[in-house]
Amino acid sequence: MKNSHSGIALLITVMFVIVITVAIGYGLKQVNHAAKAVNKENFIYQSNIIVEDLLHILKNAPQIKAAVDVNTSEALFLLISQAAFIPFSSHGLEVTLKIKSARAKFNPAMIDANNTDLVKLFMNRYNINNEYVDILQDNISGIKEDNSYNSTIFDEHPSLFRDYIASSDHLRIINDFYMREYNDNALSKIEWNNLFYYSDDRNMSIDLNYATPEVWEMLTGTTKERAEALSAGGGFYTAPEDLALNDEELENLNHFKISYYEPILDVEVEVRKNGLLSNIHFEYDISKKKGSNFVFKI
């Protein structure tokens with residue numbers, strides 16, 4: 001009997017130790033999770049501070065002030081060329097700053113009756129059906145009470161935002177729908193990151209000094225090779241005669257909102273620390289000294 005009691009006591013002790021061990025292990029796991037959460041929150045806070053510091057620098061940098069004072073496309077081009085890629089470290093953070101023109105691409109929210117045919121012509125060159133542009137138009141036309149859309153995309157995605165195309169993720173949903181609906185993989189022929197810029201601003205102009213080859217091809221209806229040459233020549237365009245376009249190319253160009261001087265920067269900030277990564281995008285108007293359209297991903 002005594003041995004039996006001893007065995008039971010030992011079993012209870014072992015079980016008690018197991019329970020304690022499991023409880024401690026769970027507690028440590030929670031502590032680790034909490035520590036990771038604190039580290040992440042601290043990292044987000046540090047990333048925000050970096051952006052605030054950068055905004056202060058942009059507002060007060062003499063190089064930017066000089067470019068604003070000169071107020072020419074050449075001065076802006078020189079500024080953007082010099083500040084295109086800047087890596088630096090700060091308080092244990094590895095930071096990469098990338099600056100380019102925020103008006104180098106076409107905003108699909110600007111598709112309208114004036115340029116629809118040219119947008120479709122560009123797509124046709126890549127064997128993309130006209131229906132694709134119709135779907136894009138559905139996604140910038142807002143909510144229609146009579147449901148008079150060109151496509152059935154909102155039957156499949158009823159909660160999809162439809163005031164404007166808000167991001168590359170939004171476009172990916174549209175492209176996936178088109179490819180399934182028409183069993184067509186032609187969209188893969190286009191570098192969408194070089195063609196589209198996402199914003200709710202329907203009145204923005206494309207700065208021809210920074211327009212990408214894909215954008216030039218759409219704007220003028222010219223060949224791919226000619227579009228690459230027009231893009232490479234950017235930086236010193238100030239008037240239509242600088243472009244050396246033929247009559248047809250110039251007529252096509254006039255269907256779009258274009259400019260030769262748009263002092264708005266596209267600023268991308270990457271922050272890294274201990275395996276964490278944050279990516280911040282925003283526009284900065286150097287004339288107004290104002291940031292806008294902030295997008296924060298972590």
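Residues numbered from 1 in each chain as written. Predicted model: local features only at pLDDT ≥ 70, side-chain atom pairs only at ≥ 80, totals over all residues. Heavy atoms only, no water.

Peer 1: Which residues make up the packing of helix 4 (residues 116-125) against helix 5 (residues 130-138), and what values go with them?
Peer 2: Contact geometry of helix 4 with helix 5 gives a least axis separation of 8 Å together with a crossing angle of 130 degrees. In terms of axis orientation, helix 4 runs oblique to helix 5. Both helix 4 and helix 5 take part in a crossing whose hand is right-handed. Listed contacts from helix 5 to Thr116, Val119, Lys120, Met123 and Asn124 of helix 4 are Asn130, Tyr132, Val133, Asp134 and Gln137. For the contact of helix 4 with helix 5, the per-class residue count stands at 4 nonpolar, 4 polar and 2 charged. (Axes fitted to C-alpha atoms, helices over the stretch in contact; angles between N-to-C directions. Helix = DSSP H or I, 4+ residues; strand = E, 2+ residues; numbered from the N terminus. Parallel < 35°, antiparallel > 145°, perpendicular 65-115°, else oblique. Left-handed = near helix turned anticlockwise from the far one by under 90°. Contact = heavy atoms within 4.5 Å. Nonpolar A, V, L, I, M, F, W, Y, C, P; charged D, E, K, R; others polar.)

Peer 1: Kindly report on the sheet that holds strand 2 (residues 93-101), identifying the contributing residues and their values.
Peer 2: Reading across the sheet, the 5 strands line up as 1-2-5-6-7 and stay open at both edges, with antiparallel pairing between neighbours. Across the chains shown, the open sheet's two edge strands, defined by having one partner strand only, are strand 1 (85-90) and strand 7 (290-297). Averaged over all adjacent pairs, the angle separating strand axes in this sheet is 20 degrees, with direction ignored. With 6 bridges joining them, strand 6 (residues 276-285) and strand 7 adopt antiparallel strand pairing. Across the sheet, residue Ile280 finds its bridge partner in strand 7, namely Phe296. (Pairing = 2+ DSSP bridges.)

Peer 1: Requested: an account of the pairing of strand 5 (residues 264-273), with residues and values cited.
Peer 2: Burial runs high along strand 5: 8 of the 10 residues are buried. Of the pairings in the sheet, the one linking strand 2 to strand 5 comprises 8 bridges and is antiparallel in character. Within the sheet, the bridge partner assigned to Lys100 lies in strand 5 and is Asp266. In the sheet, strand 5 pairs with strand 6 via 10 bridges, with the strands oriented antiparallel. Bridging from a neighbouring strand, Arg272 pairs with Leu277 of strand 6. (Buried < 20%, exposed > 50% of the residue type's maximum accessible area, 1.4 Å probe, protein only.)

Peer 1: Which residues make up the pattern of salt bridges, and what values go with them?
Peer 2: Tallied over the full model, the rule gives 7 salt bridges. With a closest N to O distance of 2.5 Å, Asp169 and Arg172 form a salt bridge. With Asp169 and Arg172 both in helix 7 (residues 168-182), this residue pair falls 3 residues apart, about one helical turn. Asp169 sits in the partly exposed class, given a relative accessible area of 38%. Owing to a relative accessible area of 44%, Arg172 belongs among the partly exposed residues under this scheme. (Salt bridge = Lys/Arg side-chain N within 4 Å of Asp/Glu carboxyl O.)

Peer 1: An account of the side chain of Glu217 is requested, with residue identities and associated values reported.
Peer 2: Assignment of secondary structure puts Glu217 in helix 9 (residues 213-220). Glu217 has contacts with Phe122, Arg125, Tyr126, Thr222, Lys224 and Ala227, leaving out every residue within four places of it along the chain.

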